[in-house]
Amino acid sequence: MRFRFLLRPGWLALTLAVWVFAGACFTMLMPWQFGRNDERVAQNTALTKAMATDPAPVGTVLDRSNAEVEWTKVSLTGRYLPEGEAVARLRTVQGEAAFEVVTPFALDSGQTVLVNRGYVRPASGVSVPDFPVAPSEQVTAVAWVRAGESDNRDAFTEDGRRQVYAINSAVVGRAAGLDVRPGYFQLSEGQPGVLNALPLPRMDSGPFFSYALQWIAFGVMALGGWAYFSWREIQPGGALAEPRPKRKSVAEMLAEDEANDQLVR
């Protein structure tokens with residue numbers, strides 16, 4: 001049995017790489033994929049429940065966090081505030097470039113929320129196209145509760161439109177001088193003020209659970225391979241064994257003696 005090979009620089013580097021990789025699999029990559037799977041399951045559950053029930057009054061969700069009630073279907077009654085409207089850029093919808101139009105909405109209760117009216121396709125490939133303005137009269141619309149996006153960069157004006165990088169009610173409210181509640185509401189198809197309604201997420205669990213199992217397998221295989229090759233090297237004659245001097249044959253020794261004699265002469 002021999003263990004000196006464990007202290008060789010090459011073996012130490014290999015051991016470090018294997019254990020770092022396995023640790024990342026078990027502590028970062030696997031939990032990350034399980035977490036994404038849990039999020040997808042929660043989203044599908046919320047959508048399934050919302051589709052089977054009538055819209056709830058918006059007041060039932062205003063005092064709760066958006067993450068807790070996301071994808072709840074609610075009814076909003078109030079008026080659009082088109083002067084506070086903004087266009088969210090750098091979007092893709094069904095694999096194609098798009099702009100999403102977000103407009104503040106004053107509820108009858110006095111609170112202001114942000115409504116996503118849907119999307120429009122770019123004009124000439126890059127510009128914001130003309131699109132219908134929101135209704136000016138009081139309306140009642142059905143929408144989905146959505147959590148806001150985290151990008152806090154300020155709005156700017158381009159092509160004659162206020163534009164934002166993310167659907168963030170604080171950014172839109174700051175640009176419009178309005179106190180807008182966090183999160184936003186995504187209009188359903190056929191509602192007052194809707195443009196092209198955004199599609200709902202696909203109702204499947206996705207590949208995240210299988211990805212998590214794959215990361216477990218990769219971590220186990222890495223550790224198993226390291227253990228196997230370590231066991232092999234511990235045995236006599238391992239690949240990392242010190243090379244033994246090669247014994248000379250009788251013919252080689254005779255030839256060497258003859259060569260030495262010739263040198264002496």
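The rules behind each value
- Residues numbered from 1 in each chain as written.
- Predicted model: local features only at pLDDT ≥ 70, side-chain atom pairs only at ≥ 80, totals over all residues.
- Heavy atoms only, no water.
- Helix = DSSP H or I, 4+ residues; strand = E, 2+ residues; numbered from the N terminus.
- Buried < 20%, exposed > 50% of the residue type's maximum accessible area, 1.4 Å probe, protein only.
- Contact = heavy atoms within 4.5 Å.
- Phe/Tyr/Trp six-rings, centres within 6.5 Å; stacked < 30°, edge-to-face > 60°.
- Polar contact = N/O pair within 3.5 Å; in protein donor to acceptor, adjacent residues only side chain to side chain.
- Pairing = 2+ DSSP bridges.
- Salt bridge = Lys/Arg side-chain N within 4 Å of Asp/Glu carboxyl O.

J.: Residue-level account of the side chain of T112, with values.
T.: Its place among the elements puts T112 in strand 5 (residues 112–120). A relative accessible area of 13% places T112 in the buried class. If near-sequence neighbours (up to four positions away) are discounted, T112 is found in contact with L81, P104, F105, A106, D179, V180 and R181.

J.: I'd like a rundown of the packing of aromatic side chains, residues and numbers included.
T.: The final tally for this structure, using the stated rule, is seven aromatic pairs. An angle of 80 degrees between the planes, with centres 5.8 Å apart, marks the rings of W19 and W226 as edge-to-face. Highlighted residues: W19 in helix 1 (residues 9–51) and W226 in helix 4 (residues 208–234), separated in sequence by 207 residues. Geometrically, the ring pair formed by W71 and W144 is edge-to-face, given 6.3 Å between the ring centres and 65 degrees between the ring planes. Highlighted residues: W71 in the loop between helix 2 (66–69) and strand 2 (73–80) and W144 in strand 6 (residues 139–146), separated in sequence by 73 residues. Assessed through its relative accessible area of 6%, W144 is described here as buried.

J.: Any details on unusual backbone geometry? Residues and values, ideally.
T.: Positive phi outside glycine occurs at W71, with the angle close to 70 degrees. With a phi close to 60 degrees, L90 is a non-glycine residue in the positive phi region. By the secondary structure assignment, L90 is in strand 3 (residues 86–93).

J.: An account of the side chain of N116 is needed here, citing residue identities and associated values.
T.: Examined against the element boundaries, N116 turns out to sit in strand 5. Within the structure, the side chain of N116 is placed 2.8 Å from the side chain of E100, a separation counted as a polar contact.

J.: Tell me about the pairing of strand 3, and please be specific about residues and values.
T.: Counting buried positions along strand 3 gives six out of eight residues, so the element sits mostly inside the fold. Sheet topology places strand 3 next to strand 4 (residues 96–107); six bridges connect them, and they run antiparallel. Across the sheet, the residue bridging to T92 is A97, located in strand 4. Here strand 3 pairs with strand 8 (residues 161–164) via two bridges, running parallel.

J.: I'd like a description of the pattern of salt bridges, backed by residues and values.
T.: Evaluated as defined, the whole model comprises eight salt bridges. For R64, the salt bridge goes to E68, with nearest N and O atoms at 3.1 Å. In this structure, R89 and E158 form a salt bridge, with 3.7 Å as the shortest nitrogen-oxygen distance. With R89 in strand 3 and E158 in strand 7 (residues 156–158), the pair connects residues that are 69 residues apart, well separated along the chain. For R89, a relative accessible area of 18% corresponds to the buried category.

That's the geometry; what it means functionally is another story.
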